[in-house]
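# Fold and geometry: a report
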Amino acid sequence: MNGTPRILNRLLIGVLGAKLLAIGLLLIVLATVPAAGVWWNTWAAGVWSLWQDLFERTRFPGRPESWLWIVVVLILLLVVGAMVAWVAQQGKGRTSLLVSEEDPGGVPGNVRIGSGVAEQAIRAALADRPDLAGTTVATYTFRGEPALKIRIQPRQGVAPHRLAEEVSLLVEALDVALGKRTPVLIHIASGARSRFGRVERVR
């Protein structure tokens, strides 16, 4: 529901994983195959000589420094900027407004209801349930309108379909209270907290 670029994230992770795998395989080959070590020494010496010659030919007039260092710094700044922009794209789509409509009454104006009203109401309704290990409620903009994402962690042995029905009833009651039907995504997740959490029993 949020604006996270999942396809781009998977592509970047795939490229990074492939590079790390290639580097690992190369290190294994260099450590186990003597001929590969000889080839690497020859190739690395040639590349190092090429770079030294390139820096020698790009010196400032009358100075030992090369202007290629400026290019390297600019490229690093572009990489840092791209990384900051990529991080800023993660988790976008959150909104603090759930309802915004014109007041049909005699006084002109708008009626606005913050997302915290619905989030706190649902969390409070699910807070004391012994069959839940955790609840998270957030509001996102989905196809141009606010939508709720309810993530619940049931304890081990709890029927997911019954839990989904009960949460759906809470959402329907919320729609009646707000006077507007809100799109909702119910995410039932499991984790270590769900598997190992002890269910409280009445003694």
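Residues numbered from 1 in each chain as written. Predicted model: local features only at pLDDT ≥ 70, side-chain atom pairs only at ≥ 80, totals over all residues. Heavy atoms only, no water.

## Considerations on the sheet that holds strand E3 (residues 132-142)
- The strand order E3-E4-E5 describes an open sheet built from 3 strands, whose pairing is mixed. This sheet does not close on itself; its edge strands, each paired only once, are E3 and strand E5 (184-188). Sheet twist, expressed as the mean angle between neighbouring strand axes with direction ignored, is 15°. (Pairing = 2+ DSSP bridges. Helix = DSSP H or I, 4+ residues; strand = E, 2+ residues; numbered from the N terminus. Axes fitted to C-alpha atoms, helices over the stretch in contact; angles between N-to-C directions.)

## Observations concerning empty space enclosed by the protein
- Under the counting rule described, the total for this entry stands at 1 cavity of 30 Å³ or more.
- The computed volume of the largest cavity comes to approximately 30 Å³.
- As for the largest cavity, its lining consists of Leu 98, Glu 145, Pro 146, Lys 180, Arg 181, Thr 182 and Pro 183.
- Partitioning the lining of the largest cavity into residue classes produces 3 nonpolar, 1 polar and 3 charged. (1 Å grid on protein atoms, 1.4 Å probe; cavity = no way out; pocket = protein on both sides within 12 Å on 5 of 7 lines; lining within 4 Å. Points joined across faces, edges and corners; volume = space filled by probe spheres on them. Nonpolar A, V, L, I, M, F, W, Y, C, P; charged D, E, K, R; others polar.)

## Quick notes on the confidence of the model for the protein
- Per-residue confidence for the protein gives a mean pLDDT of 81; residues scoring 70 or more make up 87%.
- Contacts from residues 196-203, a stretch scored under 50 in pLDDT, to residues over four places away or in other chains number 6 contacts. (pLDDT = per-residue confidence, 0-100. Contact = heavy atoms within 4.5 Å.)

## What about helix H5 (residues 160-178)?
- With 19 residues, H5 extends 27 Å between its outermost C-alpha atoms, agreeing within 8% with the 27 Å of an ideal straight helix rising 1.5 Å per residue.
- Within H5, burial applies to Leu 163, Val 167, Val 171, Leu 174, Asp 175 and Leu 178. On an axial view of H5, the arc spanned by its buried residues comes to 120°, and they lie on one face. What points out from H5, more than 90 degrees from its buried face, is the exposed set His 161, Arg 162, Glu 165, Leu 169 and Val 176.
- Immediately beyond the C-terminal end of H5, within one or two residues, lies Gly 179, with a positive phi of roughly 75°. (Expected span 1.5 Å × (residues − 1). Buried < 20%, exposed > 50% of the residue type's maximum accessible area, 1.4 Å probe, protein only. Arc of directions from axis to C-beta.)

## What about the pattern of salt bridges?
- Scanning the model with the defined rule gives 4 salt bridges in all.
- The residue Glu 56 makes a salt bridge to Arg 59 at a minimum N-O spacing of 2.8 Å.
- Of the residues examined, Glu 56 reaches a relative accessible area of 46% and is grouped as partly exposed.
- Judged by its relative accessible area of 39%, Arg 59 falls in the partly exposed class.
- Note that Arg 129 is salt-bridged to Glu 166, the shortest N-O span being 2.5 Å. Separated by 37 residues along the polypeptide, Arg 129 in the loop between helix H4 (115-126) and E3 and Glu 166 in helix H5 bring together distant segments of the chain.
- Residue class for Arg 129 comes out partly exposed when judged on its relative accessible area of 22%. (Salt bridge = Lys/Arg side-chain N within 4 Å of Asp/Glu carboxyl O.)

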